[in-house]
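This is what each chain is made of:
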Amino acid sequence: MRLRPDDDIYRAKLLFLGPKGFTLPVHLPYVAYPLFAVVLAVIILIRYALTGDVDYFPAIEIALSIVLTSLILRQVSPDRPVRAVLRTAATDWRRDRAADERGGRARSRIVVRETIR
């Protein structure tokens, strides 16, 4: 269960509730819309690179974009913006790949110069 913050600044979320007189049944932050568009464009470009064609209505790509956007936004908070989450994910992915290619875990670089007796 997630606890709601006590601070008013953190409680004030930037949400789009829908057009005037018609409230949407979901509460999406403003950052979700451009993030969804970018994720969708990347998925469509990846599919185009792999297959060479694009669907008229990319239903599978839209579904994958919704899932990926929701996974990214689960990690977003007032203290961790989207940029920080994406940067952390990219850094972790690159570091894990580099360690796997060397054939194991990275060794620490601690060198002991003197022996304590």
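Structure: above.
Residues numbered from 1 in each chain as written. Predicted model: local features only at pLDDT ≥ 70, side-chain atom pairs only at ≥ 80, totals over all residues. Heavy atoms only, no water.

Participant: Looking at this structure, I do not really get the pattern of salt bridges. What am I missing?
Facilitator: Side chains carrying opposite charge are able to pair once their charged atoms draw close together. Per the stated rule, a full pass over the model turns up 2 salt bridges. The salt bridge partner of Arg 47 is Asp 55, with a shortest N-O separation of 2.7 Å. Taking relative accessible area as the criterion, Arg 47 reaches 27% and is therefore assigned partly exposed. A salt bridge links Arg 47 to Glu 61, with the nearest nitrogen and oxygen atoms 2.9 Å apart. In this pair, Arg 47 sits in helix α2 (residues 32-51) while Glu 61 sits in helix α3 (residues 59-74), placing the two residues 14 residues apart along the sequence. (Salt bridge = Lys/Arg side-chain N within 4 Å of Asp/Glu carboxyl O. Buried < 20%, exposed > 50% of the residue type's maximum accessible area, 1.4 Å probe, protein only. Helix = DSSP H or I, 4+ residues; strand = E, 2+ residues; numbered from the N terminus.)

Participant: I'm lost on the nonpolar core in this one. Help?
Facilitator: For soluble globular proteins, nonpolar side chains are generally found buried alongside one another. By size, the foremost hydrophobic cluster in this structure holds 6 residues: Leu 35, Val 39, Ile 43, Ile 72, Val 82 and Val 85. Taken together, the elements giving at least two residues each to this core come down to α2 and α4 (82-102). Here this core gets 3 residues from one element, more than from any other, and that element is α2. Not counting residues up to four positions away in its chain, the partners in contact with Val 82 are Val 31, Leu 35, Leu 73 and Val 76. (Core = buried A, V, L, I, M, F, W, Y, C linked by side-chain atoms within 4.5 Å. Contact = heavy atoms within 4.5 Å.)

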